[in-house]
Amino acid sequence: MKKVRVDCVIVTYNRLSLLKECLQAVLKQKYKVNNIIVVNNNSTDATEEFLNKNMTDIVNLKVVNMKQNLGGAGGFNIGFKYFMNKSNGDYLWIMDDDAIPHEDTLLELVKRIPQAKPFGFLASNVKWIDGKPAVMNKPVVIGKDSKTNLVKIKSASFVSLLFPRHVIKNVGYPIKDFFIWGDDLEYCTRITQAGYKSYLVKSSIIVHKIYKNIPPDIIKETDKSRVKRYFFESRNLVYIFKKYYGSIGLIREILRYCFICLKLIFSNTKFKFKKIGYVIKGTIVGITFNPKIEKYDEN
């Protein structure tokens, strides 16, 4: 197989110790990365100082220090644009700062390129720190593809996905206005609905060092600072299902969030009324939410 150039985008915000671990793991890949593009989402710890200092030591490290926190969605949007406009890479490999790849994670993805072509994206097998599947990063599986002998998937989270340059050129960039949550689902759905097949590469392992191996759950949420995130979740998911599945998808999501509100009312959860307020607001805003999907501009 012809040697391909792979750039890596890492989005980081106030997790310097994890960023260092992630960066070291990317540098140790058996399949060497062309450029490492770190998007620093205006971190308030020592992240910017660390990155600026290491730019002179790591020749292929490219740093984008943002003036404000654009969330994960905005960070990946910027990283994709950097790759398309300032790099000669053939493929883009993306992850958050708390994702730690094995030494052969990228190699296992690259090895499947000839087998999977043409494809929309390849996804790694995301594990938690105990080796069990990371619950919040499970891909949406369609079934086994008889031609490639790979697992065909509809969507996956932005934790170790590999995109061909031409796919990004055709479908555009992740939606920055999402801020957090749902940007990966929307982008993967956009690629799938554009007619591309995508696959899970089980032998490509990456560890997602989230605090607990549980999916986001507004009823079980105990961290007051995280409650506002559920506004973005409901708004973004209502938009996604409205856009890609029409009125049936929209009605389904509205009913689902109505049911969540009922569960909140009768639960003993913390910050009950604050949670209900964010869910209702997000659902209502999502009905008319129409963020811009930015296309690749060769000029």
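Data block above holds the structure.
This text gives an overview of the structure that appears in the document. Everything numeric here is computed off the predicted structure, so don't read it as measured data.

Criteria and thresholds
- Residues numbered from 1 in each chain as written.
- Predicted model: local features only at pLDDT ≥ 70, side-chain atom pairs only at ≥ 80, totals over all residues.
- Heavy atoms only, no water.
- Buried < 20%, exposed > 50% of the residue type's maximum accessible area, 1.4 Å probe, protein only.
- Helix = DSSP H or I, 4+ residues; strand = E, 2+ residues; numbered from the N terminus.
- Pairing = 2+ DSSP bridges.
- Right-handed = clockwise from strand over helix to strand, strands pointing away.
- Phe/Tyr/Trp six-rings, centres within 6.5 Å; stacked < 30°, edge-to-face > 60°.
- Lys NZ or Arg CZ within 6 Å of the ring centre and 35° of its normal.
- Contact = heavy atoms within 4.5 Å.

## Looking at the pairing of strand S1 (residues 6–12)
For step 1, the next point in the chain: The buried fraction of S1 amounts to seven of the seven residues, a majority that puts the element mostly inside the structure.
For step 2, the next point in the chain: Residues Val-6, Cys-8, Ile-10 and Thr-12 line one face of S1 and the alternating positions Asp-7, Val-9 and Val-11 line the opposite face, and both faces are buried.
For step 3, the next point in the chain: Here S1 pairs with strand S4 (residues 91–96) via six bridges, running parallel. Its bridge partner being in S4, Cys-8 is matched across the sheet by Trp-93.
For step 4, the next point in the chain: Pairing of S1 with strand S2 (residues 36–40), which is carried by five bridges, proceeds in the parallel orientation. Residue pairing in the sheet places Val-9 in a bridge with Ile-37 of S2.
For step 5, the next point in the chain: At this point the chain moves from S1, through helix H1 (residues 16–27), to the parallel S2, and the crossover so formed is right-handed.

## Here we look at the packing of aromatic side chains
For step 1, the next point in the chain: Inspection of every chain in the model, using the stated rule, returns 16 aromatic pairs.
For step 2, the next point in the chain: Summarising the aromatic geometry, the rings of Phe-76 and Phe-158 are spaced 5.0 Å apart at their centres and angled 75° between planes, so their arrangement reads as edge-to-face. Pair noted here: Phe-76 is in helix H3 (residues 71–86) and Phe-158 is in the loop between strand S8 (151–155) and strand S9 (161–164), with a separation of 82 residues, a long-range link.
For step 3, the next point in the chain: On the basis of relative accessibility, which here comes to 2%, the residue Phe-76 falls in the buried class.
For step 4, the next point in the chain: Given the relative accessible area of 2%, Phe-158 is considered buried.
For step 5, the next point in the chain: By way of ring pairs, the aromatic residues Phe-76, Phe-80, Phe-121, Phe-158, Phe-163 and Tyr-187 are connected into one cluster.
For step 6, the next point in the chain: The ring of Phe-289 has Arg-235 sitting right over it, with the charged end atom 4.1 Å from the ring centre.

## Brief notes about helix H7 (residues 183–193)
For step 1, the next point in the chain: Burial of H7 is extensive: eight of the 11 residues sit out of reach of the surface.
For step 2, the next point in the chain: Residues of H7 that are buried include every one of Asp-183, Asp-184, Glu-186, Tyr-187, Cys-188, Thr-189, Arg-190 and Ile-191, and no others.
For step 3, the next point in the chain: In this structure, the buried side of H7 is in contact with H3, S8, S9, helix H6 (165–171), strand S10 (198–208) and helix H8 (229–265).
For step 4, the next point in the chain: Of the residues one or two after H7, Gly-195 is the one with positive phi, at around 105°.

## Things to note about unusual backbone geometry
For step 1, the next point in the chain: At the junction of Lys-117 and Pro-118, the peptide bond is cis and its omega measures out at -10° in the coordinates.
For step 2, the next point in the chain: Note that Pro-118 resides in the loop between helix H5 (113–116) and strand S6 (122–127).
For step 3, the next point in the chain: Even without a glycine there, the phi angle at Asn-42 is positive, about 60°.
For step 4, the next point in the chain: Its identity as a non-glycine residue notwithstanding, Asn-149 has a phi of 65°, on the positive side.
For step 5, the next point in the chain: Inspection of the secondary structure assignment puts Asn-149 in the loop between strand S7 (140–144) and S8.

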